[in-house]
Amino acid sequence: PDFQLCDDEGKTYKLSSFRGRRVILSFQRYAACPICQFNIDRMKYQSEMLDRAGIVTISIFNSKPQHVTMFTAKIRGDSMIAL
């Protein structure tokens, strides 16, 4: 099913806008969670490989936008989106 969410900067993303592309949806408990940070670091480490494969990674956090900004600034990029 389609859904839409805003990132911490207010930009809206709709899942259907990625139609035809491979997408990894990554659901995280909250931005400061050590396990979640490990998962994000692992995805960042693999980001070049994911980019070459044309895979977009969307990480969805159960956190306030300012917390997402603080803990996910290092994952920003064309293929990695934090919501």
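Residues numbered from 1 in each chain as written. Predicted model: local features only at pLDDT ≥ 70, side-chain atom pairs only at ≥ 80, totals over all residues. Heavy atoms only, no water.

Caption draft 1: View of the packing of aromatic side chains. Taken as a whole and assessed by the stated rule, the structure comprises one aromatic pair. Note on Y13 and F18: the rings are 6.5 Å apart at their centroids and 15 degrees apart in plane angle, and the pair reads as stacked. In this pair, the class of Y13 matches that of F18, namely buried. (Phe/Tyr/Trp six-rings, centres within 6.5 Å; stacked < 30°, edge-to-face > 60°. Buried < 20%, exposed > 50% of the residue type's maximum accessible area, 1.4 Å probe, protein only.)

Caption draft 2: Inspection of the confidence of the model for the protein chain at higher detail. In the predicted model, the protein chain carries a mean pLDDT of 82, and 87% of its residues have values of at least 70. The secondary structure element of the protein chain with the lowest average pLDDT is strand β5 (residues 80-82), at 64, and the one with the highest is strand β2 (residues 12-14), at 90. (pLDDT = per-residue confidence, 0-100. Helix = DSSP H or I, 4+ residues; strand = E, 2+ residues; numbered from the N terminus.)

Caption draft 3: Local environment of the state of the cysteines. What the rule picks out here adds up to zero disulfides. Of all cysteine sulfurs, the one in C36 lies closest to C33, which takes part in no disulfide; the gap is 3.2 Å. (Disulfide = S-S within 2.5 Å.)

Caption draft 4: Main features of the pattern of salt bridges. Applying the stated rule across the entire model yields one salt bridge. Between K14 and D2 there is a salt bridge, and its shortest N-O distance comes to 3.9 Å. Here the residue K14 occupies a position in strand β2, and D2 occupies one in the segment before β1 (4-6), the gap between them amounting to 12 residues. (Salt bridge = Lys/Arg side-chain N within 4 Å of Asp/Glu carboxyl O.)

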